[in-house]
Amino acid sequence: MRHWRILIAALACLGPALQYGLMIHNESLASGLAKSVEFFSYFTILSNILAAVVLTAPLIAAGSVVATWAERSSTRIGVAVYLTITAAIYHTLLSGLWDPKGWRLVSDTLLHTVTPALFVIDWLARGGRGETGRATAAKALIFPALYGVWTLAHGAMSGFYPYPFLDVGKHGYLSVIVTMLVMAGGFLLIALLFTVIHQARAKLAIGRGAPISA
């Protein structure tokens, strides 16, 4: 199990690191800073970084505040939700918009397919620590809500929008806000589903006399 956790933690770290290197390659200091802000404006990147932290912290800093947070059921469910949405939106709406090659294809696959799949598998296999309830799904909406606020604020200042369906310049604020609300509903439904799955898994583990988490 430890070897598995090390492997998926390494892959989760590799995806964002590789993408960042490709993004700022050959950029000047000024343009590199601008690209860095854009890099951290993608939900894909942020959700993958969260996964990297959640997977890595317990391995390198067991017992720390971050590791304790990372192993909480609510944390692991939230990140599983974010990665699932990331993968679903990319493969249904965005993958046809570009054709990555070489290292960009590697990065693209890690960020949108490999890490989401492996994290969800790890969550299903290990669960998490602490009980879950109705508030778990609601808490999972906090991060996407903050991301939405940042996207609109940053876009208003820079004109940069990370995804076509969030481009206020093309669609207007009303359309984008409606899209965000629809997506919030999707986040909530997936979060509710994952919470129910997690609770069922925990009950099954208790019934078998097994620990709820690793």
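For every chain, the first residue of the written sequence is number 1, and numbering continues from 1 onward in sequence order. In keeping with the predicted nature of the model, local features appear solely for residues at pLDDT of at least 70, side-chain atom pairs appear and are counted solely at 80 or more, and the whole-chain, interface and lining totals rest on all residues. Working from all heavy atoms in the structure, the side-chain values ignore hydrogens and water.

A. Layout of the overall build of the protein chain. Helix and strand counts for the protein chain come out as nine helices and zero strands. Computed over the C-alpha atoms, the radius of gyration of the protein chain is 18 Å, within 12% of the 17 Å expected from 2.2 N^0.38 for a compact globule of 214 residues. Each of the three principal axes of the protein chain carries a C-alpha extent, and together these read 55 × 35 × 30 Å. The contact rule is simple, with two residues in contact once any of their heavy atoms fall within 4.5 Å. Contacts in the protein chain between residues at least 24 apart in sequence constitute 73% of all its contacts with a sequence separation of at least 6. Only the protein chains shown count as cover for residues, and the accessible areas themselves come from Shrake-Rupley with a 1.4 Å probe. Total accessible area on the protein chain stands at roughly 11,300 Å², and carbon and sulfur atoms take up 71% of it. Only DSSP runs of H or I with at least four residues qualify as helices, and only runs of E with at least two residues qualify as strands; both kinds are numbered from the N terminus onward. We compute the radius of gyration from the C-alpha atoms alone; for a globule the expected value is 2.2 Å times N to the 0.38, where N is the number of residues.

B. A look at the nonpolar core. As used here, the term nonpolar core means buried Ala, Val, Leu, Ile, Met, Phe, Trp, Tyr and Cys residues forming a set that is joined through side-chain atoms within 4.5 Å. A 1.4 Å probe rolled over the protein chains alone gives each residue an accessible area, and that area as a share of the maximum for its type sets the label: buried under 20%, exposed over 50%, partly exposed in between. Of all hydrophobic cores here, the largest spans 41 residues; its most connected members are Val 81, Phe 119, Tyr 163 and Leu 166. Those elements that place two or more of their residues in this core are α1 (2-24), α3 (43-60), α4 (65-70), α5 (73-94), α6 (102-126), α8 (142-158) and α9 (168-207). With residues up to four places along the chain from it excluded, the contact list for Leu 166 reads Tyr 147, Thr 151, Tyr 161, Val 176 and Met 180.

C. Summary view of the environment of Thr 44. The residue Thr 44 is located in helix α3 in this model. Overall, the relative accessible area of 9% leaves Thr 44 in the buried class. In this view, Thr 44 contacts Thr 86, Leu 111, His 112 and Tyr 163; residues no more than four positions away in its chain are not counted.

D. Examining empty space enclosed by the protein more closely. Using only the protein atoms, space was sampled on a 1 Å grid; points where a 1.4 Å probe fits but cannot get out form cavities, open sets with protein on both sides within 12 Å along at least five of seven lines form pockets, and lining residues are those with an atom within 4 Å of a point. Grid points are joined across faces, edges and corners, and a volume is the space filled by probe spheres set on the points. The final tally for this structure, using the stated rule, is one cavity of 30 Å³ or more. Listed by contribution, the elements that provide at least two residues to the lining of the largest cavity are α1, α3 and α6. With three residues, the top contributor of residues to the lining of the largest cavity is α3. Each residue is assigned to one of three groups, with Ala, Val, Leu, Ile, Met, Phe, Trp, Tyr, Cys and Pro labelled nonpolar, Asp, Glu, Lys and Arg labelled charged, and all others, Gly among them, labelled polar. Residues belonging to the lining of the largest cavity are distributed by class as follows: four nonpolar, no polar and three charged.

E. Inspection of the layout of surface pockets at higher detail. When its volume is computed, the largest pocket comes out at roughly 520 Å³. Lining the largest pocket we find 21 residues, and of these Gln 19, Tyr 42, Trp 98, Pro 162 and Tyr 163 sit closest to its centre. At the level of elements, α1, α2 (29-39), α3, α5 and α6 are the ones that each hand at least two residues to the lining of the largest pocket. If one sorts the elements of the lining of the largest pocket by residue count, α6 sits on top with four residues. Considering only enclosed or pocket space, the second largest pocket measures out at about 350 Å³ in volume.

F. Examining the environment of Ala 88 more closely. Looking at the element boundaries, Ala 88 is found in helix α5. Residue class for Ala 88 comes out partly exposed when judged on its relative accessible area of 39%. Separated by 45 residues in the primary sequence, Ala 88 and Phe 43 place their C-alpha atoms 13 Å from one another.

G. Summary view of α3. One less than the number of residues in a helix, times 1.5 Å, gives the span that helix is expected to have. Counted at 1.5 Å a residue, the expected span for α3 with its 18 residues is 26 Å, and the 25 Å between its end C-alpha atoms agrees. Burial analysis of α3 places 14 of its 18 residues in the buried class, the great majority of the element.

H. Representation of a nonpolar patch on the surface. Every patch collects residues that have over 30% relative accessible area and no salt bridge, joining them within 9 Å if they carry like charges and within 5 Å if they are nonpolar side chains (Val, Leu, Ile, Met, Phe, Trp, Tyr). Think of a salt bridge as a Lys or Arg side-chain nitrogen and an Asp or Glu carboxyl oxygen that are within 4 Å of each other. Where nonpolar side chains cluster on the molecular surface, the patch consists of Val 53, Val 66 and Trp 69 and spans about 220 Å² of accessible area. A residue is classified by how much of its surface remains accessible, and Trp 69, at 31% relative accessible area, is partly exposed.

I. Local environment of the packing of aromatic side chains. Ring pairs shown here join Phe, Tyr and Trp side chains whose ring centres sit within 6.5 Å, with only the six-membered ring taken for Trp; geometry is labelled stacked below 30 degrees between planes, edge-to-face above 60, and tilted in between. Enumeration according to the criterion identifies 13 aromatic pairs in this entry. With 4.9 Å between their ring centres and 65° between their planes, Tyr 20 and Phe 39 make a pair best called edge-to-face. Here Tyr 20, found in helix α1, pairs with Phe 39, found in helix α2; they are 19 residues apart in sequence, far enough to count as distant. Taking the relative accessible area as the measure of exposure, Tyr 20 reaches 28% and is therefore partly exposed. Overall, the relative accessible area of 3% leaves Phe 39 in the buried class.

J. Spotlight on the pattern of salt bridges. For the structure on display, the rule yields five salt bridges. Where Asp 99 meets Lys 101, a salt bridge forms, and the shortest distance between an N and an O atom there is 3.1 Å. Put simply, Asp 122 and Arg 126 hold a salt bridge, and the shortest N to O gap is 3.1 Å. Residue Asp 122 and its partner Arg 126 are both found in helix α6; the two are separated by four residues, about one turn of the helix. Taken individually, Asp 122 and Arg 126 each receive the classification buried, so the pair is uniform in this respect. Linked through salt bridges whose partners overlap, the residues forming this network are Arg 5, Glu 71, Arg 76, Asp 122 and Arg 126.

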